[in-house]
Amino acid sequence: MSAVDSPVERVARPRPEAGPERAVWDAAATVTDPEVPVLTIEDLGVLRGVRIVDGSPVVDITPTYSGCPAVDAIRDDIVAVLRERGFPGARVDVVLSPAWTTDWMSDAGRRKLMEHGIAPPGRRAGGVVALGLGVRCPRCGSLHTRELARFGSTSCKALYVCQRCREPFDHFKEH
Ligand SMILES: [Zn+2]
């Protein structure tokens, strides 16, 4: 297994144990993604790490899609919330490698999506999306669902319909 594929690289960095890094992480973790407002950047795995450089916090983020306009909004929100909490002069570094994957989405994030009627992404095994397992309806739990449109309310979601309860729903696509 190469370093890139190691499980460690495939999960979000752990929340710092203590110190200013912990306070900075917790503040940054309240910022939501404009594309997926029900999820925080911590839920999504976009929040990758916190460092203190020359006395000022640096927050590393990996955006869900590179070049996504949401990056600027997330950056501004992080800087603003840190300023409010007594960390002026915070900086946000955008880290594009390794690329973000839906595998970094936390279990809490997946639960929140379900609660909002959005089917969470499936988990990849060894970089391959487990296709053919079906997308589970977030309302009734049926796997008897069908894709209506590859792009739903935002480009990261596809529109599905459940063939049991007949309800349409968004599916957060594997990426
Ligand atoms: Zn259903």
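For the structure, see preceding data.
Here the structure is a predicted model, which is why all the values come from computation and not from measurement. (Residues numbered from 1 in each chain as written. Predicted model: local features only at pLDDT ≥ 70, side-chain atom pairs only at ≥ 80, totals over all residues.)

Every second residue of strand 4 (residues 56–61) is oriented toward a common face, the buried set being Pro 57, Val 59 and Ile 61 and the non-buried set Ser 56, Val 58 and Asp 60. Two elements, strand 3 (residues 47–53) and strand 4, share six bridges in a ladder whose sense is antiparallel. The residue of strand 4 that forms the bridge with Val 53 is Ser 56. If you look at the hairpin formed by strand 3 and strand 4, you'll find two residues sitting between the two strands, and Asp 54 has a positive phi there, around 50°. Direction of pairing for strand 4 relative to strand 5 (residues 91–94): parallel, over a ladder of four bridges. The partner of Ile 61 across the bridge, within strand 5, is Val 94. (Buried ≥ 20, exposed ≤ 12 C-beta atoms within 10 Å, placed from the backbone. Helix = DSSP H or I, 4+ residues; strand = E, 2+ residues; numbered from the N terminus. Pairing = 2+ DSSP bridges.)

Turning our attention to the environment of Leu 39. Inspection of the secondary structure puts Leu 39 in strand 2 (residues 36–40). Sequence separation between Leu 39 and Lys 112 is 73 residues, and the spatial gap between their C-alpha atoms is 7.2 Å. If we skip the residues at most four places from it in the chain, Leu 39 touches Thr 32, Asp 33, Leu 44, Gly 109 and Lys 112. (Contact = placed C-beta atoms within 7 Å.)

Here we take up helix 1 (residues 19–28). Inspection of helix 1 places Val 24, Trp 25, Ala 27 and Ala 28 among the buried residues, and these make up the whole buried set. For helix 1, the buried positions fall inside an angular range of 165° around the axis, keeping them on one side. (Arc of directions from axis to C-beta.)

On to the nonpolar core. Of all hydrophobic cores here, the largest spans 25 residues; its most connected members are Val 24, Ala 28, Ile 41, Val 59, Ile 74, Ile 78 and Leu 82. Secondary structure elements with two or more residues in this core: helix 1, strand 2, helix 2 (41–44), strand 3, strand 4 and helix 3 (70–84). Among residues more than four places away in sequence, those in contact with Ile 74 are Val 31, Asp 33, Ile 41 and Ile 61. Judged by nonpolar contacts, the second largest core, of ten residues, contains Ala 119, Val 135, Cys 137 and Tyr 160. (Core = buried A, V, L, I, M, F, W, Y, C linked by C-beta atoms within 7 Å.)

What follows covers the sheet that holds strand 11 (residues 168–172). Strands in a sheet are paired, the pairing made by backbone hydrogen bonds, and the direction either parallel or antiparallel. With mixed pairing, the four strands of this open sheet are ordered in space as 6-11-10-9. Each end of this open sheet is capped by a strand with a single partner; those strands are strand 6 (118–119) and strand 9 (145–149). Looking at chain direction, strand 10 (residues 157–162) and strand 11 are connected through five bridges and run antiparallel. Looking at strand 11, one finds that Ala 158 is bridged to His 171.

A word on unusual backbone geometry. Here the residue pair Ser 97 and Pro 98 is connected by a cis peptide bond, since its omega of 0° sits within 30 degrees of zero. Mapped onto the elements of the fold, Pro 98 is located in the loop between strand 5 and helix 4 (107–115). Residue Asp 54 is not a glycine yet carries a positive backbone phi of 50°. Turning to its location among the elements, Asp 54 is positioned in the loop between strand 3 and strand 4. The exposure class of Asp 54 is exposed, given the 6 C-beta atoms found within 10 Å. Not every positive phi belongs to a glycine, and Arg 166 is a case in point at roughly 70°. Given 10 C-beta atoms within a 10 Å radius, Arg 166 is considered exposed.

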